[in-house]
Amino acid sequence: MSRKQDRALRQMRLLEVLETGGGGSGRHFIDLCRGLTARGHAVHAIYSPLRAEARFVEELQALGLAGLHAVAMTRAPGPSDIGAWRAIRAVMHSAGPFDVVHAHSSKAGALTRLRLPGRHIPRVYTPHAFYTMDPGLGTLGRRVYGSIEKLLARTLTDRIICVSADEYAHARALGMPRKKLSIVVNGVETPPANSRTAVRQALGIPMEALLFGFVGRLCHQKAPERLVAAFAQVAERVPHAHLLMIGSGDMEADVRRQVEASGQKARIHLTTGFTGVEAMAAIDVLTMPSRYEAMSYVMLEGAAAGRPLILTDVGGVSTVLKDGENGILLKNADDPRPLADAMLRLSDPGHLARHTAAALTRARSPEYRLDRMVSETEAIYRGLIA
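Residues numbered from 1 in each chain as written. Predicted model: local features only at pLDDT ≥ 70, side-chain atom pairs only at ≥ 80, totals over all residues. Heavy atoms only, no water.

Axis separation between helix 2 (residues 23-38) and helix 16 (residues 370-385) bottoms out at 10 Å; the angle between their running directions is 75°. In terms of orientation, helix 2 lies roughly perpendicular with respect to helix 16. Between helix 2, through His28, Asp31, Leu32, Gly35 and Leu36, and helix 16, the contact on the second element is made entirely by Leu370, Met373, Val374, Thr377, Glu378 and Tyr381. A class-by-class count of the residues in the contact of helix 2 with helix 16 yields six nonpolar, three polar and two charged. (Axes fitted to C-alpha atoms, helices over the stretch in contact; angles between N-to-C directions. Helix = DSSP H or I, 4+ residues; strand = E, 2+ residues; numbered from the N terminus. Parallel < 35°, antiparallel > 145°, perpendicular 65-115°, else oblique. Contact = heavy atoms within 4.5 Å. Nonpolar A, V, L, I, M, F, W, Y, C, P; charged D, E, K, R; others polar.)

Ordered by their spatial adjacency, seven strands build an open sheet running 3-2-1-4-5-6-7, and the pairing between neighbours is parallel. Only two strands of the sheet have a single neighbouring strand rather than two, namely strand 3 (67-70) and strand 7 (181-183). With direction set aside, neighbouring strand axes in the sheet form an average angle of 20°. Pairing of strand 5 (residues 123-126) with strand 6 (residues 159-162) involves two bridges; the strand directions are parallel. Bridge pairing links Tyr125 to Ile160 in strand 6. Along the sheet face, helix 3 (residues 54-61) touches strand 1 (13-18), strand 2 (42-47) and strand 3 and points at about 160° away from the line of strand 2. (Pairing = 2+ DSSP bridges.)

Moving on, we come to the state of the cysteines. Inspection of the entire model under this criterion finds zero disulfides. Looking at the unpaired Cys162, the closest cysteine sulfur is the one in Cys33, lying at 20 Å. Under the relative-accessibility criterion, Cys162 is labelled buried at 0%. (Disulfide = S-S within 2.5 Å. Buried < 20%, exposed > 50% of the residue type's maximum accessible area, 1.4 Å probe, protein only.)

This next bit is on the pairing of strand 11 (residues 285-288). Note on strand geometry: in a regular strand, side chains alternate between the two faces of the sheet. Of the two faces of strand 11, the one lined by Val285 and Thr287 and the one lined by Leu286 and Met288 are each fully buried. Pairing geometry for strand 11 and strand 12 (residues 309-312), over three bridges, is parallel. When the bridges of strand 12 are listed, Leu286 appears paired with Leu309.

Moving on, we get to the sheet that holds strand 8 (residues 210-215). Read from one edge to the other, the open sheet built from six strands follows the order 10-9-8-11-12-13, with strand pairing classed as parallel. Each edge of the open sheet carries a strand with a single partner, namely strand 10 (268-271) and strand 13 (327-330). Looking at each pair of strands side by side, their axes are set apart by 20° on average, direction ignored.

The next point concerns the packing of aromatic side chains. This structure, assessed with the given rule, holds three aromatic pairs. Look at Phe29 and Phe56: their rings are 6.2 Å apart centre to centre, the planes differ by 40°, and that puts the pair in the tilted class. Of the two residues, Phe29 sits in helix 2 while Phe56 sits in helix 3, which places them 27 residues apart along the sequence. In this pair, the class of Phe29 matches that of Phe56, namely buried. Arranged with centres 4.8 Å apart and planes meeting at 90°, the rings of Tyr131 and Tyr145 form a pair that is edge-to-face. (Phe/Tyr/Trp six-rings, centres within 6.5 Å; stacked < 30°, edge-to-face > 60°.)

What follows deals with the side chain of Thr112. Inspection of the secondary structure puts Thr112 in helix 5 (residues 106-113). Excluding anything up to four places from it in sequence, Thr112 contacts Val17, Ile88, Val101, Ala103 and Arg123.

Attention now moves to the nonpolar core. Membership of the largest hydrophobic core comes to 100 residues, with the highest contact counts inside it found for Phe56, Phe212, Ile310, Val320 and Met343. Residues Val91, Met92, Val101 and Ala103 belong to the second largest nonpolar core, which totals 17 residues. (Core = buried A, V, L, I, M, F, W, Y, C linked by side-chain atoms within 4.5 Å.)

Turning our eyes to something else, we now look at the environment of Glu325. Among the structural elements, Glu325 can be located in the loop between helix 13 (317-320) and strand 13. The class for Glu325 is partly exposed, based on a relative accessible area of 29%. Each C-alpha atom of the pair Glu325 and Asn194 lies 25 Å from the other, and the pair is 131 residues apart in sequence. In this view, Glu325 contacts Arg354, His355, Ala358 and Arg362; residues no more than four positions away in its chain are not counted.

Let us now look at the pattern of salt bridges. As enumerated under the stated definition, the model contains 25 salt bridges in all. Between Asp31 and Arg34 there is a salt bridge, with the nearest N and O atoms lying 3.2 Å from each other. One end of the pair, Asp31, and the other, Arg34, are both in helix 2, three residues apart, so they sit about a helical turn from each other. With relative accessibility at 33%, the residue Arg34 sits in the partly exposed group. Residues Asp250 and Arg75 are paired through a salt bridge, measuring 3.7 Å at the closest nitrogen-oxygen approach. In this pair, Asp250 is assigned in the loop between strand 9 (241-246) and helix 10 (252-262) and Arg75 in the loop between strand 3 and helix 4 (80-95), connecting sequence segments 175 residues apart. Given a relative accessible area of 49%, Arg75 falls into the partly exposed group. The structure contains a network of salt bridges with shared partners spanning Arg27, Asp31, Arg34 and Glu59. (Salt bridge = Lys/Arg side-chain N within 4 Å of Asp/Glu carboxyl O.)

Geometric descriptors of this kind do not, in isolation, establish any biological role.
Structural data, given as structure tokens:
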């Protein structure tokens with residue numbers, strides 16, 4: 001066997017690091033750890049218990065990883081970052097050596113890439129949407145955070161994996177070198193098609209209801225308040241319309257107050273009892289009004305399930321949505337009226353049937369496959385240790 005073949009086949013020792021512990025980045029993290037473990041690699045994972053969702057921790061524990069390590073990492077920068085950085089280094093020393101260290105999202109990305117001189121271990125970083133992609137960040141914030149990302153990319157990173165062409169273009173606009181960048185589009189398993197009745201019955205949603213669905217963190221990025229405001233307008237004209245919102249987050253209390261004030265509490269269902277994958281078959285139209293994304297897992301799951309989509313024009317949307325064919329593309333704005341108008345258009349049975357048929361056709365695309373994502377990531381690792 002040649003040396004090249006040996007490198008292509010040998011087991012790798014990998015360390016995956018994440019702070020957020022939920023949402024799309026959590027889904028990506030678990031899918032990647034599971035896929036790499038299934039291919040025979042020794043995968044260790046570091047997660048932060050501070051913001052980790054219970055379901056995320058349970059899934060992570062069930063993977064049978066070579067090692068699972070809890071390190072308290074806060075979302076915002078602060079003095080505790082010093083302790084977190086030391087704890088990550090301690091795991092790397094005690095559980096290593098590793099062939100590759102792969103950090104996910106901004107906090108883990110910064111803590112994992114900052115390092116002292118010594119043996120070089122390739123550092124890989126997946127931002128899952130650069131913070132500078134937030135249109136509300138402002139010029140100063142974009143300049144500060146952009147400079148930090150550029151510095152880390154140029155000096156302390158071996159490869160940055162962007163999850164969409166839009167995120168790649170943003171990285172280039174920040175001044176990150178092309179040779180440090182790769183694109184690996186997120187992949188998903190096709191959601192089950194037989195859960196419609198069970199989910200609707202569990203949540204008290206009539207089978208004949210037209211169900212708009214939202215899946216994601218209740219946070220500024222995902223803009224759930226836009227959707228509640230738009231649905232309140234739709235509900236007045238479409239008596240059989242309901243809204244399912246799956247998720248939790250720092251805006252949950254505000255969203256619940258908005259639901260109460262809308263007068264549509266009986267038709268707006270907030271829950272964490274199901275994942276998006278589990279509930280996708282119960283949804284008629286996936287409606288995601290995000291302010292910014294890199295490549296939303298939820299929209300990929302909706303596309304893979306053949307659901308019509310209503311999406312704001314943010315990163316990665318062109319991968320799954322053809323405006324006017326399998327859904328409706330909206331300008332990224334806080335005014336809920338265009339969103340309400342789009343929802344009303346798909347409330348028409350004829351429009352809904354045509355968009356659903358097109359969505360089911362596009363659902364066969366191999367771009368959404370999970371094994372492709374794992375294979376392409378694995379290939380990047382091997383290229384770095386060759």
